[in-house]
Amino acid sequence: MAAGEVVLMYRLEGDRGRKLKMIFVQNGLRIRQIPREEYNQPIGALAGIKEIPRVEEVYDGDELAEEMMVFRGVYGKRLDLLLAQMRKNKVAVNLKAILTEHNVGWSGLQLYEELKKEHEQMHS
């Protein structure tokens, strides 16, 4: 396990959430279930990057319409292995991202909107 491997899980509860948690825990990732109240927080802050400040206001808007995951510190063959295990366990998540220097300051809501656009473009 590489240091700093984290997965942020948005709206992934119930049986699907349990299956995903099992996969990630077995592979040594830390899991952070993101509650609706933190959707406006920068994903970098939620993933444990100390240099990214949290925002003070609490989000009180709508729930995300779809599930979303964000990986920190998971790349290449390691990511391929996790995605293969997700497919094997039939727990696909359409909206997935890797934390990058480009999106580290984005809120979960901003990332969600960007991933939705990308997903729609890929499937139209």
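Below is a short write-up of the structure. A quick note: this is a predicted structure, and the numbers were derived from the prediction, not measured.

The subject of this paragraph is the packing of aromatic side chains. The description of two aromatic rings rests on the distance between their centres and on the angle between their planes. Considering all chains together, one arrives at 3 aromatic pairs under this definition. When the ring of F24 is compared with that of F71, the centres are 5.8 Å apart and the planes differ by 90 degrees; the resulting orientation is edge-to-face. Residue F24 is found in helix α1 (residues 14-26), and its partner F71 is found in strand β3 (residues 68-72); the two are separated by 47 residues along the sequence. By relative accessible area, F24 is classed as buried at 0%. Note on Y39 and Y59: the rings are 5.7 Å apart at their centroids and 35 degrees apart in plane angle, and the pair reads as tilted. Linking Y39 in the loop between β2 (30-34) and α2 (43-46) with Y59 in the loop between α2 and β3, this pair joins segments that are 20 residues apart in sequence. For the pair formed by Y39 and Y59, the shared burial category is buried. Of the aromatic side chains, those joined through ring pairs into one cluster are Y10, Y39 and Y59.

The next point concerns the pairing of strand β4 (residues 95-98). Residues L95 and A97 of β4 are buried on one face, while the alternating residues K96 and I98, pointing to the opposite face, are not. The sheet contact formed by β3 and β4 spans 4 bridges and is parallel. Each residue of the ladder has a partner; that of V70, found in β4, is A97. Traced from β3 through helix α3 (residues 76-88) to β4, the parallel crossover comes out right-handed.

What follows covers helix α4 (residues 108-122). Between its first and last C-alpha, α4 extends 21 Å over 15 residues, near the 21 Å set by a 1.5 Å rise per residue. Buried residues of α4: G108, L111, Y112 and L115, and no others. Looking straight down α4, one finds its buried side chains confined to an arc of 100 degrees; they lie on one side.

Rules and cut-offs
Residues numbered from 1 in each chain as written. Predicted model: local features only at pLDDT ≥ 70, side-chain atom pairs only at ≥ 80, totals over all residues. Heavy atoms only, no water. Phe/Tyr/Trp six-rings, centres within 6.5 Å; stacked < 30°, edge-to-face > 60°. Helix = DSSP H or I, 4+ residues; strand = E, 2+ residues; numbered from the N terminus. Buried < 20%, exposed > 50% of the residue type's maximum accessible area, 1.4 Å probe, protein only. Pairing = 2+ DSSP bridges. Right-handed = clockwise from strand over helix to strand, strands pointing away. Expected span 1.5 Å × (residues − 1). Arc of directions from axis to C-beta.

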